[in-house]
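Each chain is listed here by its residues.
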Amino acid sequence: MNNNGIILLVDNDLCLNNETQNEFYKRDYTVLTATSYSEARAILKEADPDVIIMEAILPDGDGFDFFKEISGCTTASIVILTSKSDRSDVIRGIKMGCEEYIKKPFRKDVMIARIEALIQWRKRWRA
């Protein structure tokens, strides 16, 4: 297991999952991936990630509903990474309590910096 933290990436874009997973592996993170909300639910029964990065649109459900479902069951920071870029969607995500709302397309280096900052904040908060 890697040392810097555990990230759960939920997105059905396999190319994006692989690229993002590789970037975090290079930085010594453990990355768990799911391509659906049902896969993510199964992973959350077994793992306690530091951060969940999730797409708001997947074939098996609505990300905002999934967010509501898991937010009371996990201590993970939740980041929405999505193509839903309408201002009302961003406001909805922020009001629901997501810690970051990143719109696709995005700059990988900026997204990684945001996630690493969240994980470092969590480590300081838990200490």
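Check the entry above for the structure.
### Some points on the environment of Arg122
Here is step 1 of the chain: Within the secondary structure layout, Arg122 lies in helix α5 (residues 108-126).
Here is step 2 of the chain: Between the alpha carbons of Arg122 and Asp50 there is a distance of 7.7 Å; along the sequence they are 72 residues apart.
Here is step 3 of the chain: What Arg122 contacts, discounting residues up to four positions off in sequence, is Pro49, Asp50, Thr75, Ala76 and Ser77.
Here is step 4 of the chain: Only 2.5 Å separates the side chain of Arg122 from the backbone oxygen of Thr75, close enough to count as a polar contact.

### Describing helix α3 (residues 63-71)
Here is step 1 of the chain: Every buried residue of α3 is accounted for by Gly63, Phe64, Phe66, Phe67 and Ile70. One side of α3 carries all its buried residues, which in axial view fall inside an arc of 155°.
Here is step 2 of the chain: The N-capping residue of α3, defined by a side-chain oxygen 2.9 Å from the backbone nitrogen of Phe64, is Asp62.

About the criteria used
Residues numbered from 1 in each chain as written. Predicted model: local features only at pLDDT ≥ 70, side-chain atom pairs only at ≥ 80, totals over all residues. Heavy atoms only, no water. Helix = DSSP H or I, 4+ residues; strand = E, 2+ residues; numbered from the N terminus. Contact = heavy atoms within 4.5 Å. Polar contact = N/O pair within 3.5 Å; in protein donor to acceptor, adjacent residues only side chain to side chain. Buried < 20%, exposed > 50% of the residue type's maximum accessible area, 1.4 Å probe, protein only. Arc of directions from axis to C-beta.

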